[in-house]
Amino acid sequence: MPKKALLVLALATLILSCNQKPNKVSHKYTNALIHETSPYLLQHAHNPVNWEAWSPEVLERAQKEDKPLLISIGYAACHWCHVMEKECFEDEEVAQMMNENFINIKIDREERPDVDQIYMDAIQMLSGNGGWPLNIVALPDGKPFWGATYLPKDNWIKSLEQIVQLYKNDRARVTQYATDLAGGIHAINLVETDTESDLYSMDQLDAAVNQWSQHFDPNLGGYQRAPKFMMPNNWDFLLHYATAENKPELMDQVNTTLTRMAYGGVYDHVGGGFSRYAVDTKWHVPHFEKMLYDNGQLVSLYAKAYAVTKNELYKQVVEETIGFVQEELLDGNGGFYSSLDADSLDEQGELEEGAYYVWTEEQLTQLLGDDFPIFKEYYNINAYGLWEEGNYVLIRDKGNEEIAQNHAISVTELQDKMAKCLKILKKERAKRSKPRLDDKILTSWNGLMLKGLVDAYRYLGNEAYLELALKNARFLEKEMIKEDHSLFRNHKAGKSNINAFLEDYASVIEAYLALYEVTFDDAWLNHSKKLLDYTKQHFRDEASGMFFFTSDEDHSLIRRSIETNDNVISASNSIMAKNLLKFHKLYTEEDYGDIARQMVKNVQKDFDRSAQGFANWLHVILYENQNFYEIALVGDNYKALGKEVGAQYLPNSILVGSKQDGNLELLKNRHVDGETLAYVCIEGTCKLPVTTSEGVMQQIQSFQ
């Protein structure tokens, strides 16, 4: 399993969500975080601790004052972050201790994943595990030498007192330890350049997937473990592989997983959208927070699965999830917010996990009346659907046909009844205290949502999804792209103040390229290429051939990280490798393809050991070992023809189009007056043109 997922597994009982207390009219204390926009940082703006945000200026001052750094990292929906705030950071005795002896820095891990990566590696090396709140004490230059997660007040004070005495009385020992630890942090992130091996073969891939499949849960989907994370990049690759290699058993596993996730309580049947993960094996009880990055990726996955299967359940999930995102996470400027918390106020006014989402049988009986008996069976208001203390989390385990037959009604009538019931519940739920919104806008997560919207339009054909995608794309263009084609990471209330990381570039490059494929608007292709070239110039490590997580134009940390493992979000380097391979098909004179192949060679030694941890990389193996089709459309009806071709699930392809001969090599000298022609090519070598999408598919089949 990917490293970060393992961390969450190790601390599953600690990773809960929590709401911020309502702001008071006046505050005894106000620190420098009051000038920040992150909801998490603002939550700490009235602590008596003299918190400051991470910045080069603060680090320079620490060195001048020769004070150690106390770095505390968390995020808005972190339950134990808030517990520690209440017990420690709101306490004046603790604050006095911290203020006198440390430069205190608060970090939102979602805004600064670069810092979080380094210090998470540090605490794992120090203690063998990690989690949030992540508390690190470091030398003034940022080298860590102590770390802990949640500690109650007494333990926190005792730990800090010992650290202060050690720092004052044995500086040489502390410095040496920090230097050695920094060396270890750097070493574990090194990627060696592999110039000797051949690219991973299909035989190797088959063996890796076979080994991977031993961990599948054939009955409930996903993997044989709990908690269960959706891991959309895993099932996205397996969908690609199963269709490309005609693996019906593997396709069954993909369908079982997608169906069970959609049936489960991890999916919000009332309001649409997915929670972060399920704590059990049957996808029933979720960690109730809803993250933009999960929902963006899952919209994309379910849209692709719908294109392959035409399963109406998958279409419904796409539609309802986009509905949730549009209703709850869409800003008026076209950007998407980050998340909704898990906790909300219950009927007694106490913060309670899942209070917004769960139901008692009594509530459902009163609300649904005569329809309750069939609703009860449909959503398991029984022992199977019971969570705790009489609260039920809605979960399905039967198909529509079985339940309709049990109640002697048609499937259509059943669906109408359930839609009516859910509408009643949604209206009632709206009266409850809503989970708190984290309304910061992050570039990479918006890129993932944009890609999801593009795929939803491509495979479902709903023009509203394209309109929403274009609104978001224009927001990113206006607010996040600078004149030199660098990016901002964050945006809130008209303000962006953090430079973007590799994951931001990678996801927007991918999304803009996908948007070009459904619009054939050169503006999106040009933006995508300029971002790619900027990334190549400022993020690439010439020594290894990989891409650093941070730009060479940003303030240097104790390590420039290289992210390779695919997690709940794909690694920034794996997304870049896919981007580069696709751009190679359009710009063959560039070295994009060579860079991508070298990147894959550098990490492929790990594919045998953990294919699921490198799932997004494995698309490139299929791109390289199988035919990859460049499909060029030219003529008056190129957009209509492109929509027909694009609706087919063709992961090993790229679409280009224009009314006349275009600037791309694939579009030059293709135009014929009065006709709209489609050219199916491999590495620029094309078959004779055809005029229909059926003709395109026939030519693709003839290549195989």
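Parameters at a glance
- Residues numbered from 1 in each chain as written.
- Predicted model: local features only at pLDDT ≥ 70, side-chain atom pairs only at ≥ 80, totals over all residues.
- Heavy atoms only, no water.
- Helix = DSSP H or I, 4+ residues; strand = E, 2+ residues; numbered from the N terminus.
- Rg over C-alpha atoms; globule rule 2.2 N^0.38 Å.
- Contact = heavy atoms within 4.5 Å.
- Areas by Shrake-Rupley, 256 points an atom, 1.4 Å probe, with all protein chains shown as cover.
- Lys, Arg positive; Asp, Glu negative; His and termini not counted.
- Charge placed at Lys NZ, Arg CZ, Asp CG, Glu CD.
- Buried < 20%, exposed > 50% of the residue type's maximum accessible area, 1.4 Å probe, protein only.
- Pairing = 2+ DSSP bridges.
- Core = buried A, V, L, I, M, F, W, Y, C linked by side-chain atoms within 4.5 Å.
- Domains from an automatic or database assignment.
- Buried area = accessible area lost by both parts, 1.4 Å probe.
- Salt bridge = Lys/Arg side-chain N within 4 Å of Asp/Glu carboxyl O.
- Polar contact = N/O pair within 3.5 Å; in protein donor to acceptor, adjacent residues only side chain to side chain.
- Phe/Tyr/Trp six-rings, centres within 6.5 Å; stacked < 30°, edge-to-face > 60°.
- Lys NZ or Arg CZ within 6 Å of the ring centre and 35° of its normal.
- Expected span 1.5 Å × (residues − 1).
- Arc of directions from axis to C-beta.
- Patch = residues over 30% accessible without salt bridge, like charges linked within 9 Å, V, L, I, M, F, W, Y side chains within 5 Å.
- UniProt positions renumbered as here; feature names shortened; annotations may be inferred.
- Axes fitted to C-alpha atoms, helices over the stretch in contact; angles between N-to-C directions.
- Parallel < 35°, antiparallel > 145°, perpendicular 65-115°, else oblique.
- Left-handed = near helix turned anticlockwise from the far one by under 90°.

Looking now at the overall build of the chain. Counting secondary structure elements, the chain contains 26 helices and 22 strands. By the compact-globule yardstick of 27 Å for 704 residues, the chain fits well, its C-alpha radius of gyration being 26 Å. When its C-alpha atoms are laid out on the principal axes, the chain stretches across 80 × 70 × 45 Å. Of all intrachain contacts in the chain linking residues separated by at least 6 positions in sequence, the fraction that spans at least 24 positions is 69%. Split by element, the accessible area of the chain, about 27400 Å² in all, is 46% carbon and sulfur. With 70 positive and 104 negative side-chain charges, the chain shows a separation of 2 Å between the mean positions of the two kinds.

Once that is clear, we can look at the pairing of strand β3 (residues 103-108). For β3, the buried fraction is high: six of the six residues fall into the buried class. Side-chain alternation along β3 places I103, I105 and I107 on one buried face and N104, K106 and D108 on a second face that is also buried. Note that strand β1 (residues 52-53) and β3 share two bridges and pair parallel. Its bridge partner lying in β3, E52 is registered against I105. In this structure, strand β2 (residues 69-74) lies alongside β3, joined through six bridges in parallel fashion. Bridge pairing in β3 places L70 opposite N104.

We now examine the nonpolar core. Membership of the largest hydrophobic core comes to 160 residues, with the highest contact counts inside it found for L205, W212, F237 and Y302. A total of 12 residues in this core trace back to one element, the largest contributor, which is helix α20 (residues 502-519). If sequence neighbours within four positions are ignored, L205 has contacts with Y200, F237, Y241, L618, I621 and L622. Core analysis: the next-biggest nonpolar cluster, separate from the first, contains 58 residues, I118, I136, V137 and V174 among them.

Along its sequence, the chain is organised into domain 1 (33-188), domain 2 (202-346 + 437-625), domain 3 (357-430) and domain 4 (629-702). Each of domain 1 and domain 2 has a C-alpha centre, and these two points are 31 Å apart. Counting residues at the interface gives 28 residues for domain 1 and 25 residues for domain 2. It is T37, E110 and E111 that lose the most area in domain 1 upon contact with domain 2, and together they represent 27% of the buried surface on that side. At the boundary of domain 1 with domain 2, the tally comes to three salt bridges. Measuring nitrogen to oxygen at the nearest pair gives 3.1 Å for the salt bridge that ties D108 to K440. Where domain 1 meets domain 2, there are nine residue pairs in polar contact (both at pLDDT 80 or more). Among the elements of the structure, α2 (39-43), α3 (56-65), α6 (113-127) and α8 (171-187) are those that each provide at least two residues to the side of domain 1 that touches domain 2.

This brings us to the packing of aromatic side chains. One pass over the structure, following the stated rule, counts 34 aromatic pairs. Seen in terms of ring centroids, F145 and Y167 are 6.3 Å apart; in terms of plane orientation they differ by 10°. Their pairing is stacked. Taken as a pair, F145 in strand β5 (residues 144-148) and Y167 in helix α7 (residues 153-169) lie far apart in primary sequence, 22 residues in all. A single burial state applies to F145 and to Y167, both of which are buried. Ring centres of F520 and Y638 lie 5.7 Å apart, and the angle between their planes is 40°; on these two criteria the pair is classed as tilted. Here the residue F520 occupies a position in the loop between α20 and α21 (522-538), and Y638 occupies one in helix α25 (residues 638-646), the gap between them amounting to 118 residues. For the pair F520 and Y638, a shared accessibility class is recorded, and that class is buried. The ring of W51 carries K106 above its face, with NZ or CZ at 5.3 Å from the centroid.

This part is about the sheet that holds strand β4 (residues 134-138). Reading across the sheet, the five strands line up as β1-β3-β2-β4-β5 and stay open at both edges, with mixed pairing between neighbours. At either end of the open sheet lies a strand with only one pairing partner, and these are β1 and β5.

The next point concerns helix α17 (residues 411-429). In this model α17 runs 26 Å from its N-terminal to its C-terminal C-alpha over 19 residues, within 8% of the 27 Å that 1.5 Å per residue would give. All of the buried residues along α17 are L414, M418, C421, L422, L425 and R429. The buried residues of α17 all sit within an arc of 100° when viewed along its axis, so they share a single face. Turned more than 90 degrees away from the buried face of α17 sit T412, D416, K423 and K427, all of them exposed. Where the residues of α17 are buried, they touch β13 (359-360), α14 (361-368), α15 (372-378) and α16 (400-406).

Further remarks concern a negative patch on the surface. On the surface, a cluster of negative charge is made up of E350, E352, E388 and E389. Structurally, E388 is set in strand β14 (residues 386-388).

A few words now on the environment of E644. Residue placement: E644 occurs in helix α25. According to the relative accessible area criterion, E644 is partly exposed, its value standing at 43%. C-alpha separation for the pair E644 and R458, spaced 186 residues apart in sequence, amounts to 9.0 Å.

This model, assessed by the stated rule, comprises 43 salt bridges. The partner of R436 in a salt bridge is D341, with the nearest N and O atoms 2.6 Å apart. Taken together, the positions of R436 in the loop between α17 and β16 (437-438) and D341 in the loop between β10 (339-340) and β11 (343-345) put the pair 95 residues apart, joining distant regions of the chain. A relative accessible area of 1% means that D341 is categorised as buried.

With respect to topology, three strands assemble into an open sheet ordered β13-β15-β14, the strand pairing being antiparallel. For this open sheet the edge positions go to β13 and β14, each flanked by a neighbour on one side alone. Summarising the sheet, β13 and strand β15 (residues 391-392) pair through two bridges and their orientation is antiparallel. Paired with W359 across the bridge in β15 is Y392.

Per the UniProt record, the feature "domain: Spermatogenesis-associated protein 20-like TRX" (unreviewed entry) sits at residues 30-182. Here residues 30-182 runs as 52% helix and 16% strand, with 34 Å between its end C-alpha atoms.

On to the packing of helix α12 (residues 292-309) against helix α13 (residues 312-328). Axis angle and axis distance: for two packed helices, these are the angle between their axes and the distance between the axes, and together they describe the pair. For the pair α12 and α13, the least separation of the axes is 8 Å and the interaxial angle reads 155°. Judged by the angle between their axes, α12 and α13 are roughly antiparallel. Crossing of α12 over α13 shows left-handed handedness. In this structure, α12 contributes L292, N295, V299, Y302, A303, A305, Y306 and T309 to the contact, and α13 contributes E312, Y314, K315, V317, V318, T321, I322, F324 and V325.

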